[in-house]
Every structure is written in structure tokens, then in C-alpha cells.
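Breakdown of the fold
As a plain string of letters, each chain reads:
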Amino acid sequence: MMKLRYGSTSPFVRKVLVTAIETGQDGEIERVKTNTADPALGQTNPLNKIPALTLEDGSVLIDSAVICEFLDSRKGGKLFPKDASRWPTLSRMALCDGALDAAILRRYETQRPETLRSIEWDGKQKTKVDQALDALEKEAAGFGDKIDIGTLTVAIMLDYLDFRFAQEPWRDAHPKLAAWHKAISARPSLKSTMPFD
Ligand SMILES: N[C@@H](CCC(=O)N[C@@H](CS)C(=O)NCC(=O)O)C(=O)O
């Protein structure tokens, strides 16, 4: 059985779970609840981050993009296209991964003592998320019912914003994205993996 270093709040872990469900491998992965503050995580992932996937031979894969492509490749490559759509798909995933990095850094900043927090730095990260949302709004009409690692990561990123930044609503300024998000949210892989504290 493969072992996934897991946390129920992590959007990057969720990418892996959604990929596992979409490709029919959820039953082959044991979820190991992991606190990223535990220094022992460094023995599995020197970056002390989740997700990390330990394979049956004991080797470890890190980073959600790598783990998702690994899982997808075991089942013939459903979510990572091999044709020309590969590059825009990967770029869309990278955009959302980057927006998530920025959103997570903002979240970590709120957990530091108030005197150490930087409003300027927070604003810089927020700009990245806002710009990503604006770029996705322009693309959303073309998403249709396309299911690949790009569109799934868009949904996961939007759910993370709802989860951690509900006080900063994004739907009104991004109506096409909001309508698309509502439709894709019915997908079982997304419904069954919603983040929770
Ligand atoms: N690029 C990584 C990012 C993973 C990541 O940032 N995970 C967060 C949890 S959502 C984490 O482990 N943070 C702990 C830390 O940064 O020390 C991926 O795609 O897997």
C-alpha cells in the first residue's frame, strides 16, 4: 500500500486525493495524518511539506504536481494530456499552485505575532491571487466540462479561498468563474474531499 502524508486542510494534498479518486486508486493509498510542524516529517520530505507519497518500494515522491502525474501515469494518463493541450493544462495548474502558495503564505502570516506581520507583504501576496482570479475569469468560458489536472486545480484553489478567505468574496467580480465552479463542484472527487479543520 502506498502511504500519503496527509492533512485535511491542505489544497495540495487534496490535488493528490482528487487525482487518486479520478483515476480509481483511492483504495491503494493509506492516508497518514501529518502535522507539518513535526520535525520528523523532514525524514520523509526534507522540505517538511505535505503531500509526500511513499511508494511500496519505500521510495518517496514529493510535490503535488509530481505525485499527481505519477498516479495518473499508472492509469494511462487521463488527467495529464499528452497532446498539445498539455502545456496550457500544466500552465493552468501552475497558476493555481502559485495562487495557493500565495494564499497559504498569507494564512501563515496571520498566525505570526501581530507586531511581526507586514501589511505590504500581505498585499503583495493578495495581488498574486487577485491577478490569478482575473486571468482565470477570462479563460472560464472555455473550460466547459473539461476535467484535467488544470481545471481540477482551479476548483481546488477556489475552494481553498472559500475555506480560508471567506471574508474576501471573489464571485461577484468573477461571474463566469463562479458559474463554472458551481457546476464542477458537483463532481464526486471534489465533493468528497472538501477541506475541514
Ligand atoms: N509545491 C508543493 C507545496 C506544498 C505545500 O506548501 N504544502 C503545505 C501544506 S498546504 C505545507 O506542507 N506547508 C508546510 C511548510 O511550508 O512548512 C506541492 O505542490 O506539493
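Rules and cut-offs
- Residues numbered from 1 in each chain as written.
- Predicted model: local features only at pLDDT ≥ 70, side-chain atom pairs only at ≥ 80, totals over all residues.
- Helix = DSSP H or I, 4+ residues; strand = E, 2+ residues; numbered from the N terminus.
- Rg over C-alpha atoms; globule rule 2.2 N^0.38 Å.
- Buried ≥ 20, exposed ≤ 12 C-beta atoms within 10 Å, placed from the backbone.
- Contact = placed C-beta atoms within 7 Å.
- Axes fitted to C-alpha atoms, helices over the stretch in contact; angles between N-to-C directions.
- Parallel < 35°, antiparallel > 145°, perpendicular 65-115°, else oblique.
- Left-handed = near helix turned anticlockwise from the far one by under 90°.
- Nonpolar A, V, L, I, M, F, W, Y, C, P; charged D, E, K, R; others polar.
- Pairing = 2+ DSSP bridges.
- Near = placed C-beta within 6 Å.
- Domains from an automatic or database assignment.
- Core = buried A, V, L, I, M, F, W, Y, C linked by C-beta atoms within 7 Å.

Helix and strand content of the protein: eight helices and four strands. When its helices and strands are written in sequence order, the protein yields β-α-β-α-β-β-α-α-α-α-α-α. The C-alpha atoms of the protein give 17 Å as radius of gyration, which agrees with the globular expectation for 197 residues (16 Å, within 12%). Seen along its three principal axes, the alpha-carbon backbone of the protein occupies a region of about 45 × 45 × 25 Å. In the protein, buried positions account for 32% of the 197 residues. In the protein, the proportion of contacts linking residues at least 24 apart, taken out of those at least 6 apart, comes to 74%.

So, about the packing of helix α4 (residues 86-110) against helix α6 (residues 149-164). Running from amino to carboxyl end, α4 crosses α6 at an angle of 15 degrees, the nearest separation of the two axes being 8 Å. In terms of their interaxial angle, α4 and α6 are classed as roughly parallel. Here α4 runs over α6; the crossing is left-handed. Counting all contacts with α4, which are made through Thr89, Arg92, Met93, Cys96, Asp97, Ala99, Leu100, Ala103 and Arg107, the residues of α6 involved are Ile149, Gly150, Thr153, Val154, Met157, Tyr160, Leu161 and Arg164. Split into classes, the residues belonging to the contact of α4 with α6 amount to 10 nonpolar, three polar and four charged.

Moving on, we get to the sheet that holds strand β4 (residues 60-62). Taken together, the four strands give an open sheet; going across it, the order is β2-β1-β3-β4, and neighbouring strands pair in mixed fashion. Looking along the sheet, the strands with just one partner apiece sit at the ends: β2 (29-33) and β4. Along the sheet, successive strands turn relative to each other by an average axial angle of 25 degrees, direction set aside. Both strand β1 (residues 2-6) and β2 contribute to a ladder of five bridges, which runs parallel. Across the sheet, the residue bridging to Arg5 is Val32, located in β2.

For the rest of this paragraph, the subject is the environment of Ser189. Among the secondary structure elements, Ser189 is positioned in helix α8 (residues 188-191). It is 17 Å that separates the C-alpha atoms of Ser189 and Glu69, two residues lying 120 residues apart in sequence.

Turning our attention to the site of the ligand. Within the structure, the ligand sits among 13 residues, and Ser10, Phe12, Thr36, Lys49 and Ser64 are positioned closest to it. Mapped by element, the contributors of at least two residues to the shell around the ligand are α1 (11-22), α3 (64-74) and α4. For the shell around the ligand, the class distribution of residues is six nonpolar, four polar and three charged.

With that settled, the discussion passes to the domain arrangement of the protein. Under the domain assignment used here, the protein contains domain 1 (2-74) and domain 2 (86-191). The straight-line distance from the C-alpha centre of domain 1 to that of domain 2 is 21 Å. Across the contact, nine residues belong to domain 1 and 11 residues belong to domain 2. Among the secondary structure elements, those contributing two or more residues to the side of domain 1 that touches domain 2 are α1 and α3. A total of seven residues in the side of domain 1 that touches domain 2 trace back to one element, the largest contributor, which is α1. For the side of domain 1 that touches domain 2, the per-class residue count stands at six nonpolar, no polar and three charged.

This part takes up the nonpolar core. In terms of nonpolar packing, the biggest core is built from 40 residues, with Val16, Cys96, Ala99, Leu100 and Met157 touching the most fellow members. Within the residue set of this core, elements represented by two or more residues are β1, α1, β3 (52-54), α3, α4, α5 (119-139), α6 and α7 (175-184). No other element matches the eight residues that α6 contributes to this core. Counting contributing residues, this core receives three or more from each of domain 1 (2-74) and domain 2 (86-191). Setting aside residues up to four positions removed in sequence, Leu100 forms contacts with Pro11, Phe12, Met157 and Tyr160.

Time to look at the packing of α1 against α3. Pairs of packed helices are described in terms of their axes, by the angle between the two and the distance that separates them. The contact between α1 and α3 brings their axes to 9 Å, and the two run at 5 degrees. Taken as axis vectors, α1 and α3 run roughly parallel relative to one another. On α3, the residues touching Phe12, Lys15, Val16, Thr19 and Ala20 of α1 are Ser64, Ile67, Cys68, Leu71 and Asp72.

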